[in-house]
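# A look at the structure
Listed below, chain by chain, are the residues.
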Amino acid sequence: MKALALALVVALLAVACEAARTSDDGRPAVSAASVGLEDGGGSYDSGAPAGADGGADSESDAGVGSTGTSDRRSGWPMHGRDAWEQRYSPLDQINSLNVEKLGLAWGVELGTNRGIEATPLVVDGVLYLASAWSVVHAFDAASGQPLWRYDPKVPRSRAKLFCCGVVNRGVAHHRGLVFFATLDGRLIALDAKTGRLVWETQTIDPDKAYSITGAPRVVRGHVLIGNAGADLGVRGYVSAYDRDTGKLVWRFYTVPGPPDQPQESDALVRALGTWKGDLWWKVGGGGTVWDAMAYDRELDLLYIGTGNGSPWARHLRSPGGGDNLYLSSILALRPETGELVWHYQTTPGDNWDFTATQSLIVAELELSPGQKRRVVMQAPKNGFFYVLDAATGELLSAEPFVEVTWASHVDRKTGRPVETGKGDYSKQPATIKPGPIGAHTWHPMAYSPKTGLVYIPAQHVAGYYAPASQPFTFVNGSPRNTGIDLTKARQFPADAAAGELIAWDPIRQKKVWGVARETIGNGGVLSTAGLLVFQGTATGRFTAHHARTGKRLWEYDAGTGIIAAPISYAIDGEQYVAIAAGWGGGFALNGGDAAAAAGVRGGGRLLVFKLGGRAKRLADPPPAPPRHYPVRPKLEDAREIERGAALFSEYCAACHGVGAAGGGVTPDLRFSPPAVRENFARIVNGGELAEKGMPAFAGQLAPRDLAAISLYLADRAWAAPVVSSPAGVPAPALRR
């Protein structure tokens, strides 16, 4: 997905009664419906339908409950809290009437300045969290006392194979074991009490451009994990491993293999006819399962989302057309065998990196009076909100939740989007809405059975696609494998993107309310029985909104951008809300001026809140270092500056920002200190900083190329707006 990081930045256009109920001692009570987690949580094997969590709660903001509710039933044992991945907490001690009294209970630094995307888990009073470079932490969930830390020691030299930062979205827990996956493709089981390694298995071919950023799930004793890398040229699949031994049980490939060889499943035999030509299988085809999963125990169906094609450009990938199954699809599998039961393709013949790997939520909706229907809901990148029958995959409805220009609508009879033709870039560039950043990407959405609304961290940003300027050749692990021209990005203006927290009615398929965000890349969402919706923002604000109206009721300055999703849990009758904060991920790395406009810096931390919390606020991350200005380029350098701009866009912008504008995570190369400029070749080609995550590009960039990039960086430094140094000295006085 490195190409996603490069290409997406080319997007230049683009109430109810308020009566609080209390417990016998006069304190607000913690209420939580039984969710059937008798085994200690963390497994999709057990658990009543998630809709049972609070679906019958009263319409008042504060419900009736018991402070004696067990920690298991009041925890956050799974990635989305329940098997249906609703991200709804039935706790309501913290509610819309008292949320203004929320304060920091405890906070800890995670020892990294890279992005934090993980959803924490809380099981039996212990909070488990994955952070940058796949490091896992365990804390006492009430006090914040560190219990253990496990570092899988991911080789930093593989960083150029990670599209969107050295991130991890979380762990799984089941009967005394914690499971997580590493960026370099390993699946690991740890003892939940001690953090001791129990088993480890490699899930990918390390010679190919695979990586893993997603959280595993445990279903019927199987640990499930997918992977990423379709933008760099790989073939997607999801695997199931034995929970106790780490042995591979089954593997489902999402796209066919070479046509002249036997396919791994009947589903792939059926899919083979939807592909044309022979380039796709040489590149890999794509379709990686890099994020969303959900499970319905009653139907015994595992739902997964699949990613984009490899290459992106369908006129190259499959000349002659074809839907290219099972790209950009929602799949229902049997968790025991991996057998495909049904599929629904959100974007047939995907041409724009419109993955369907975004949050999958199972729910029961009353689509007709008096009749509930089990459904799967998704708001994928392509801009349409989908409601499918959970048993059959039948399309029930699909409507745009943001502005969409690549398609006019989704045909209810065929289930297919009706393309407008505006997204055809086979011969000339095209600009559409949304773009490859997506109308909604990995940041989790949430559903409240109490309000019947889905809360979406939406994004408004266009995408610019240009056909490749040279004949396509596959290079393992290269961003050129997208089949589009990545050299055109010059600027990502701050006003080219906007975020929004949208409350969406999935029955009427309409927006109920929306709260504007200053930029994109905002965090995931939590809904609670206290009629609250929590979300962190890219600008570093952790906010609570009324679930029915969107009114902001509370806000906290986290000190760094928030991209992860919050959780809520209760211990000893006291409810907590937790958020893992840390600016980073794809947009923060490559968003250029738009990312810099968030005004935050990286600094991983875990923040936990409770009513009346009075812990001291953590210090802000260090400010940006002083600017060091290089020698100003000459007019006769213009041609080499332009060549350097193209090279920077292709090789460097994914981590150092479009237009060379740093977004607050990695160094802003325009203003590098003299020592970095003097050692530029040794750093870029020689790998002098490889152990810090700066990979070597030896063999890809010649000395003349490095000189051109240096000229471009110097040109961008002198074109940057004048600011004051940390010491308050005006920038012109610093220019030496």
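Described below are features of the structure shown in this document. Because the structure is predicted, anything quoted here is derived from the model rather than measured. (Residues numbered from 1 in each chain as written. Predicted model: local features only at pLDDT ≥ 70, side-chain atom pairs only at ≥ 80, totals over all residues. Heavy atoms only, no water.)

Once that is clear, we can look at the overall build of the chain. Of regular secondary structure, the chain possesses 12 helices and 39 strands. The burial tally for the chain puts 65% of its 736 residues in the buried class. Counting only carbon and sulfur atoms, one obtains 51% of the accessible surface of the chain, whose full area is about 25200 Å². (Helix = DSSP H or I, 4+ residues; strand = E, 2+ residues; numbered from the N terminus. Buried < 20%, exposed > 50% of the residue type's maximum accessible area, 1.4 Å probe, protein only. Areas by Shrake-Rupley, 256 points an atom, 1.4 Å probe, with all protein chains shown as cover.)

Below, the discussion takes up the packing of aromatic side chains. Inspection of every chain in the model, using the stated rule, returns 33 aromatic pairs. Each ring, one from Tyr425 and one from Tyr465, has its centre 5.3 Å from the other, and the planes form 20 degrees; the classification is stacked. Residue Tyr425 is found in the loop between β26 (417–419) and β27 (430–432), and its partner Tyr465 is found in strand β30 (residues 463–465); the two are separated by 40 residues along the sequence. Overall, Tyr425 belongs to the buried group, its relative accessible area being 0%. You can call Tyr465 buried: its relative accessible area is 1%. Measuring from ring centre to ring centre gives 6.4 Å for Phe534 and Trp554, while their planes differ by 70 degrees; the resulting arrangement is edge-to-face. Of this pair, Phe534 sits in strand β34 (residues 532–536) while Trp554 is found in strand β36 (residues 552–557), placing the two residues 20 residues apart along the sequence. For the pair Phe534 and Trp554, one class covers both residues: buried. Ring pairs connect the aromatic residues Tyr344, Trp352, Phe354, Phe384, Tyr386 and Trp406, which therefore count as one cluster. Of note, Arg156 hangs over the ring of Trp133, and the distance from its end group to the ring centre comes to 4.1 Å. In this structure, Arg235 packs its charged tip against the face of Tyr253, placed 3.9 Å from the ring centre. (Phe/Tyr/Trp six-rings, centres within 6.5 Å; stacked < 30°, edge-to-face > 60°. Lys NZ or Arg CZ within 6 Å of the ring centre and 35° of its normal.)

Position of Asp291 among the secondary structure elements: in the loop between β15 (285–286) and β16 (293–296). Buried and unpaired, Asp291 has no salt bridge, with Arg169 as the nearest side chain of opposite charge at 4.0 Å. (Lys, Arg positive; Asp, Glu negative; His and termini not counted. Salt bridge = Lys/Arg side-chain N within 4 Å of Asp/Glu carboxyl O.)

With antiparallel pairing, four strands are arranged side by side in an open sheet as β3-β4-β5-β6. At either margin of the open sheet sits one strand with a lone partner, and together these are β3 (121–123) and β6 (146–150). The mean angle between the axes of side-by-side strands here comes to 20 degrees, regardless of whether they run parallel or antiparallel. One ladder, built from four bridges, connects strand β5 (residues 136–140) with β6; its direction is antiparallel. Residue Ala138 lies in a different strand from β6, and its bridge partner there is Trp148. (Pairing = 2+ DSSP bridges. Axes fitted to C-alpha atoms, helices over the stretch in contact; angles between N-to-C directions.)

With 88 residues, the main nonpolar core has Trp133, Tyr303, Met377, Phe385, Phe401 and Ile456 as its most contacted residues. Residue contacts for Trp133: discarding those within four places in its chain leaves Arg114, Pro152, Val154, Pro155, Arg156, Ala159, Phe162, Val166, Leu183 and Gly693. Core analysis: the second largest hydrophobic core is formed by 53 residues, Ile94, Leu110, Tyr556 and Ile562 among them. (Core = buried A, V, L, I, M, F, W, Y, C linked by side-chain atoms within 4.5 Å. Contact = heavy atoms within 4.5 Å.)

As paired elements, strand β25 (residues 407–410) and β26 share three bridges and run antiparallel to each other. By the bridge assignment for β26, Val410 is matched with Pro417. Hairpin remark: β25 followed by β26, antiparallel, with six residues in the connecting loop; positive phi at Gly415, about 75 degrees.

In this section: the pattern of salt bridges. This model, assessed by the stated rule, comprises 34 salt bridges. For the salt bridge of Lys282 with Asp278, the shortest nitrogen-to-oxygen distance reads 3.5 Å. Taking the relative accessible area as the measure of exposure, Lys282 reaches 44% and is therefore partly exposed. With its nearest N and O atoms 3.1 Å apart, the salt bridge here joins Arg617 to Asp557. Taken together, the residues Arg617 in the loop between β39 (605–611) and α7 (638–651) and Asp557 in strand β36 connect sequence positions 60 residues apart. A cluster of three or more residues bridged by salt bridges with shared partners is formed by Arg541, Arg552, Glu555, Asp557, Arg617 and Asp620.

Moving on: the environment of Gln428. Looking at where Gln428 falls in the secondary structure, it is placed in the loop between β26 and β27. A relative accessible area of 55% means that Gln428 is categorised as exposed. Considering only alpha carbons, one finds Gln428 and Ala466, 38 residues apart in sequence, at a separation of 6.4 Å.

Taking 1.5 Å of rise per residue, 17 residues should cover 24 Å, and helix α11 (residues 703–719) covers 25 Å from first to last C-alpha, within 8% of that figure. Turning to α11, its buried residues number three or more, namely Asp705, Leu706, Ala708, Ile709, Tyr712, Leu713, Ala714, Arg716, Ala717 and Trp718. Those residues of α11 that are buried are in contact with α7 and α10 (680–684). (Expected span 1.5 Å × (residues − 1).)

On to the sheet that holds strand β35 (residues 541–546). Adjacent strands of a sheet form backbone hydrogen bonds with each other and so pair up, either parallel or antiparallel. Within the open sheet, the five strands sit side by side as β1-β33-β34-β35-β36. Their pairing is mixed. A single partner strand is all that each edge strand has here, and the edge strands are β1 (88–89) and β36. Note that β34 and β35 share five bridges and pair antiparallel. The residue bridging Leu532 from the neighbouring strand is His546, located in β35.

Next up on the list: the packing of α7 against α11. Axis separation between α7 and α11 bottoms out at 7 Å; the angle between their running directions is 100 degrees. Viewed along their axes, α7 and α11 adopt a mutual orientation that is roughly perpendicular. Together, Glu640, Ile641, Arg643, Gly644, Ala645, Leu647 and Phe648 of α7 and Arg704, Asp705, Ala708, Ile709, Leu711, Tyr712, Leu713 and Asp715 of α11 make up the contact between the two elements. Of the residues that constitute the contact of α7 with α11, the class distribution is nine nonpolar, one polar and five charged. (Parallel < 35°, antiparallel > 145°, perpendicular 65-115°, else oblique. Nonpolar A, V, L, I, M, F, W, Y, C, P; charged D, E, K, R; others polar.)

Attention now goes to unusual backbone geometry. Residue Tyr326 is bonded to the preceding Leu325 through a cis peptide linkage, with omega at 5 degrees. Mapped onto the elements of the fold, Tyr326 is located in the loop between α4 (314–317) and β19 (329–333). With a phi angle near 60 degrees, Asn324 is a residue other than glycine that sits in the positive phi range. In this model, Asp353 sits at a positive phi of 65 degrees, which is unusual for a non-glycine residue. As for its position among the elements, Asp353 is in the loop between β20 (340–345) and β21 (360–368).

All right, on to the pairing of strand β8 (residues 177–181) then. Of all five residues in β8, five are buried, a share of seventy percent or more. Along β8, one buried face is formed by Leu177, Phe179 and Ala181 and the opposite face, lined by Val178 and Phe180, is buried too. Of the strand pairs in this sheet, strand β7 (residues 172–174) and β8 are connected by three bridges, and their pairing is antiparallel. Bridge pairing links Ala172 to Phe179 in β8. The loop that links β7 with its antiparallel partner β8 comprises two residues; one of these, Arg175, has a positive phi angle of about 45 degrees. Summarising the sheet, β8 and strand β9 (residues 186–191) pair through five bridges and their orientation is antiparallel.

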